[in-house]
Amino acid sequence: MKTLNSRQLAVAHAMAATLFEADGPVPRERLDFAIEELRAYVARVGFQTRLAFDAAFFVMQVAPLFVFGKLRRFTSLSTLARRRCIERLEQSRLGLVVVLLKTMLSMVYFEHPDALAGTGYDAEGLIGPAWAQGSTSPLSKLKLQVIETPVSDEPEQLPVPAAGRVAGGV
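None of these values were measured; they are calculated from a predicted model. (Residues numbered from 1 in each chain as written. Predicted model: local features only at pLDDT ≥ 70, side-chain atom pairs only at ≥ 80, totals over all residues. Heavy atoms only, no water.)

Tallied over the entire structure, the rule returns four salt bridges. Arginine 39 is the salt-bridge partner of glutamate 36, the closest N and O atoms lying 3.8 Å from each other. Placement of the pair is glutamate 36 and arginine 39 together in helix α2 (residues 28–44), with a separation of three residues, close to one helical turn. We classify glutamate 36 as partly exposed; its relative accessible area is 43%. The exposure class assigned to arginine 39 is partly exposed, which follows from its relative accessible area of 29%. (Salt bridge = Lys/Arg side-chain N within 4 Å of Asp/Glu carboxyl O. Helix = DSSP H or I, 4+ residues; strand = E, 2+ residues; numbered from the N terminus. Buried < 20%, exposed > 50% of the residue type's maximum accessible area, 1.4 Å probe, protein only.)

Here it is, written out as structure tokens:
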């Protein structure tokens, strides 16, 4: 199984830190958790998906060249410059690269219990609908009726077309 190399991990780490620090710096344990989950995911994907990730990490690393015209690496930019770089790249023809990485990083980042709790999600949706907790089911209020139609001994007669010319025919 091929996993992320050190350069790709650095890009993922810098991108995650940039994306998720809305209220301040992201705790190191959450970033490490997200990067480890991403590494485990990429190790299990197929060849084409792996190729897409390799290309996405490469494009993100050289994105400042496309976006700002400067020969710098994404990982060497300041947080503000990385944020502007991500925003501009997202609006360009290479925006799909950003979408791939943002989606995967978001999925693995919010698997961390503290990050998930920070969204306000309380996991109540996981125990099922209210009627499953003791109330009566809305389906129990429905009354099903079985309608029986008498079966005829006579075979059903299908209409026979009239003899003559067929529409559009000869």
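This part covers helix α3 (residues 47–67). Given a rise of 1.5 Å per residue, 21 residues ought to cover 30 Å, and the 29 Å separating the end C-alpha atoms of α3 matches this to within 8%. Along its length, α3 reaches its greatest deviation from straightness, about 50°, at glutamine 61, and the proline proline 64 lies no more than four positions downstream. Within the span of α3, buried status applies to Arg50, Phe53, Ala56, Phe57, Val59, Met60, Gln61, Ala63, Pro64 and Val67. Close packing links the buried residues of α3 with α1 (6–20), α2, α4 (79–90) and α5 (95–109). (Expected span 1.5 Å × (residues − 1). Bend = angle between axes of the 7 residues up to and from the residue. Contact = heavy atoms within 4.5 Å.)

With that out of the way, let us pick up a nonpolar patch on the surface. Residues Leu65, Phe66, Leu71 and Leu94 make up a contiguous nonpolar surface patch of about 430 Å² in total accessible area. In this fold, leucine 71 is placed in the loop between α3 and α4. Take leucine 71: its relative accessible area is 79%, and that puts it in the exposed class. (Patch = residues over 30% accessible without salt bridge, like charges linked within 9 Å, V, L, I, M, F, W, Y side chains within 5 Å. Areas by Shrake-Rupley, 256 points an atom, 1.4 Å probe, with all protein chains shown as cover.)

Counting 36 residues, the largest nonpolar core has Met15, Leu38, Phe57, Met60, Phe74 and Leu101 as the members making the most contacts within it. Looking at this core, the elements with two or more residues in it are α1, α2, α3, α4 and α5. Looking at this core, the element that brings in the most residues is α1, giving eight residues. Look past the residues within four positions of phenylalanine 74 in its chain and what remains in contact with it is Val11, Ala14, Met15, Met60, Gln61, Pro64, Arg82, Cys85 and Ile86. (Core = buried A, V, L, I, M, F, W, Y, C linked by side-chain atoms within 4.5 Å.)

Moving on to a positive patch on the surface. Taken together, Lys70, Arg72, Arg84 and Arg88 make up a surface patch of like positive charges. Along the chain, the position of arginine 88 falls in helix α4. Among the residues examined, arginine 88 registers a relative accessible area of 44% and is labelled partly exposed. (Lys, Arg positive; Asp, Glu negative; His and termini not counted. Charge placed at Lys NZ, Arg CZ, Asp CG, Glu CD.)

With 15 residues, α5 should reach 21 Å at 1.5 Å per residue; the first-to-last C-alpha distance of 21 Å fits that figure. If you check which residues of α5 are buried, you get Gly95, Val97, Val98, Leu101, Met104, Leu105, Val108 and Tyr109. Of the surrounding secondary structure, the elements contacted by the buried residues of α5 are α1, α2, α3, α4 and α6 (113–118).

This part takes up the environment of proline 113. Mapped onto the elements, proline 113 comes out in helix α6. The exposure class of proline 113 is exposed, given its relative accessible area of 56%. In this structure the C-alpha to C-alpha distance between proline 113 and arginine 30, which are 83 residues apart in sequence, comes to 9.3 Å.

Moving on to the environment of alanine 43. Summarising the element assignment, alanine 43 is placed in helix α2. As for alanine 43 and lysine 2, which are separated by 41 residues in sequence, their C-alpha atoms are 5.4 Å apart.

Direction vectors running N to C along α1 and α4 enclose 90°, while the axes themselves pass 10 Å from each other. Between α1 and α4, the crossing angle belongs to the class labelled roughly perpendicular. Across the interface between the two elements, Ala14, Met15, Thr18 and Leu19 from α1 touch Thr79, Arg82, Arg83 and Ile86 from α4. Tallied by class, the residues present in the contact of α1 with α4 amount to four nonpolar, two polar and two charged. (Axes fitted to C-alpha atoms, helices over the stretch in contact; angles between N-to-C directions. Parallel < 35°, antiparallel > 145°, perpendicular 65-115°, else oblique. Nonpolar A, V, L, I, M, F, W, Y, C, P; charged D, E, K, R; others polar.)

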